[in-house]
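Residue-level listing of the chains:
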Amino acid sequence: MPGSTGRSSRGRAPPRPDRRPNPPPTRVIVTHRETFSELVYDDRILGVITDDDAQAAGQPRAAFAQQVRDRLVEVVTSTREEFSAWSIALGLAWAALASAISAALLWLLARIYRRVQSRVKPWYWRLTADPRVGRTAAARATRLESILHSAVFVVAAAVAVALIAVWVQLVLQLLPWSRPLARLIYRYVSEPIRTLWLGLLSYVPNLFYIAVIAVTTFLVLRVVRFVFKEIEVGFPAASQPDFD
């Protein structure tokens with residue numbers, strides 16, 4: 001009817017913005033224009049993808065824009081799940097369990113350390129108290145006791161540091177706020193270890209060559225020694241200097 005086509009001639013009204021605290025990210029749509037595509041959420045433009053962007057990605061613009069939209073929805077959904085009350089409560093429970101297990105392992109390590117150290121000292125006392133043991137042997141036993149105490153301490157300290165590092169990394173990884181820090185620490189720790197390991201692997205061929213040279217030299221020296229010994233046995237006069 002004339003005069004009543006105002007709203008229908010202008011098309012549908014734009015969707016009303018979603019004012020909920022956590023609006024669903026699935027409402028993000030892709031609007032294709034002549035030379036670009038828009039990621040639109042209600043009345044907001046979240047991003048623009050041009051033909052150059054799609055060309056750099058090696059995909060058609062429509063497919064690339066849809067891929068970006070799906071990735072955006074996936075990231076928002078997973079982030080909300082990570083920061084949900086249930087996920088945080090579950091992470092705190094796992095962190096408490098990991099803390100209890102770590103404390104138990106450290107307590108067990110301390111007991112093993114004290115027991116091993118207590119075994120070393122009586123062994124040293126029995127060894128040095130024996131009258132058949134001379135002063136030189138007693139001095140060597142004293143040095144050996146010191147070395148054993150130091151070795152046990154170093155091993156126990158290394159295990160304790162490893163347990164604490166694993167506990168810290170695990171607890172930081174379980175909570176969403178500290179998860180980026182856990183990844184950063186892991187990268188800082190793993191990169192030097194990886195570089196050191198690759199460096200050791202690069203030296204393996206050189207060590208193999210050195211081992212072959214050492215074995216060959218040892219065999220040659222044994223053969224030379226055997227030959228000269230046989231010469232000495234067969235010709236004793238040849239091995240004695242002649243001063244006449």
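Each value, and the rule that gives it
Residues numbered from 1 in each chain as written. Predicted model: local features only at pLDDT ≥ 70, side-chain atom pairs only at ≥ 80, totals over all residues. Heavy atoms only, no water. Helix = DSSP H or I, 4+ residues; strand = E, 2+ residues; numbered from the N terminus. Buried < 20%, exposed > 50% of the residue type's maximum accessible area, 1.4 Å probe, protein only. Contact = heavy atoms within 4.5 Å. Areas by Shrake-Rupley, 256 points an atom, 1.4 Å probe, with all protein chains shown as cover. Phe/Tyr/Trp six-rings, centres within 6.5 Å; stacked < 30°, edge-to-face > 60°. Polar contact = N/O pair within 3.5 Å; in protein donor to acceptor, adjacent residues only side chain to side chain. Core = buried A, V, L, I, M, F, W, Y, C linked by side-chain atoms within 4.5 Å. Patch = residues over 30% accessible without salt bridge, like charges linked within 9 Å, V, L, I, M, F, W, Y side chains within 5 Å. Salt bridge = Lys/Arg side-chain N within 4 Å of Asp/Glu carboxyl O. Lys, Arg positive; Asp, Glu negative; His and termini not counted. Charge placed at Lys NZ, Arg CZ, Asp CG, Glu CD. Pairing = 2+ DSSP bridges. Axes fitted to C-alpha atoms, helices over the stretch in contact; angles between N-to-C directions. Expected span 1.5 Å × (residues − 1). pLDDT = per-residue confidence, 0-100.

This brings us to the overall build of the protein. Along its length, the protein carries seven helices and three strands. Secondary structure of the protein in N-to-C order comes out as α-β-β-β-α-α-α-α-α-α. In the protein, buried positions account for 17% of the 244 residues. Restricting to contacts in the protein with at least 6 residues of sequence separation, those with at least 24 account for 48%. Element-wise, carbon and sulfur atoms account for 67% of the exposed surface of the protein, whose accessible area totals about 19300 Å².

Summed over the entire model, instances satisfying the criterion amount to two aromatic pairs. Between F83 and W177 the ring centres are 6.0 Å apart and the planes differ by 75°, which places this aromatic pair in the edge-to-face class. Residue F83 is located in the loop between α3 (61–82) and α4 (85–129), and its partner W177 is located in the loop between α5 (135–174) and α6 (179–234); the two are separated by 94 residues in the primary sequence.

Assignment of secondary structure puts D42 in the loop between β2 (36–41) and β3 (44–50). Among the polar contacts made by the side chain of D42, one reaches the side chain of R27 at a distance of 2.7 Å.

Our next topic: the nonpolar core. With eight residues, the main nonpolar core is built from V28, V30, L39, Y41, I49, A54, F64 and A65. Listing elements by their share of this core, those giving two or more residues are β1 (28–32), β2 and α3. Those residues in contact with F64 that lie beyond four places of it in its chain are I49, D53, A54, A57 and Q59.

Here we take up a positive patch on the surface. A cluster of like positive charges, contributed by R111, R114, R115 and R119, occupies part of the molecular surface. In this structure, R111 sits in helix α4. Residue class for R111 comes out partly exposed when judged on its relative accessible area of 40%.

So, about the pattern of salt bridges. Applying the stated criterion across every chain, the model contains six salt bridges. Between R27 and D42 there is a salt bridge, with the nearest N and O atoms lying 2.7 Å from each other. With R27 in the loop between α1 (6–9) and β1 and D42 in the loop between β2 and β3, this pair connects stretches of sequence that are 15 residues apart. Put simply, D70 and R69 hold a salt bridge, and the shortest N to O gap is 3.1 Å. Residue R69 is classed as buried on the basis of its relative accessible area of 15%.

A few words on the side chain of R61. Inspection of the secondary structure assignment puts R61 in helix α3. Taking relative accessible area as the criterion, R61 reaches 16% and is therefore assigned buried. A polar contact is formed between the side chain of R61 and the backbone oxygen of E34, at a distance of 3.1 Å.

This part is about the sheet that holds β2. The sheet built from three strands is open, its strands ordered β1-β2-β3 with antiparallel pairing. Looking at strand neighbours, the two that pair on one side only are β1 and β3, the edges of this open sheet. The mean inter-strand angle of the sheet, taken between neighbouring strand axes irrespective of direction, is 25°. Both β1 and β2 contribute to a ladder of five bridges, which runs antiparallel.

Bringing the environment of S150 into the picture now. Position of S150 relative to the elements: it lies in helix α5. Taking C-alpha positions, S150 is 9.9 Å from Q117, a pair spaced 33 residues apart along the chain.

Bringing the pairing of β3 into the picture now. Two faces belong to every sheet, and in a regular strand the side chains alternate between them. Strand direction decides the pairing type here: β2 and β3, joined by six bridges, are antiparallel. Paired with L39 across the two strands is G47, which belongs to β3. Linking β2 to β3, which pair antiparallel, is a turn of two residues; within it D42 sits at a positive phi near 55°.

Our focus in this paragraph is α3. The end-to-end C-alpha separation of α3 is 31 Å, in line with the 32 Å expected for 22 residues at 1.5 Å each. Buried residues of α3: R61, F64, A65, R69 and V73, and no others. For α3, the elements touching its buried residues are β1, β2, β3 and α2 (51–57).

The next thing to look at is the confidence of the model for the protein. Across the protein, the average pLDDT comes to 77, with 77% of residues at 70 or higher. In this model, residues 1–15 is a region of pLDDT below 50 whose contacts with residues beyond four sequence positions or in other chains number two contacts.

On the surface, W86, L90, W94, L97, I101, L105, W107, L108, I112 and V116 cluster together into a nonpolar patch covering about 1000 Å² of accessible area. Looking at the secondary structure, you find L97 in helix α4. Given the relative accessible area of 42%, L97 is considered partly exposed.

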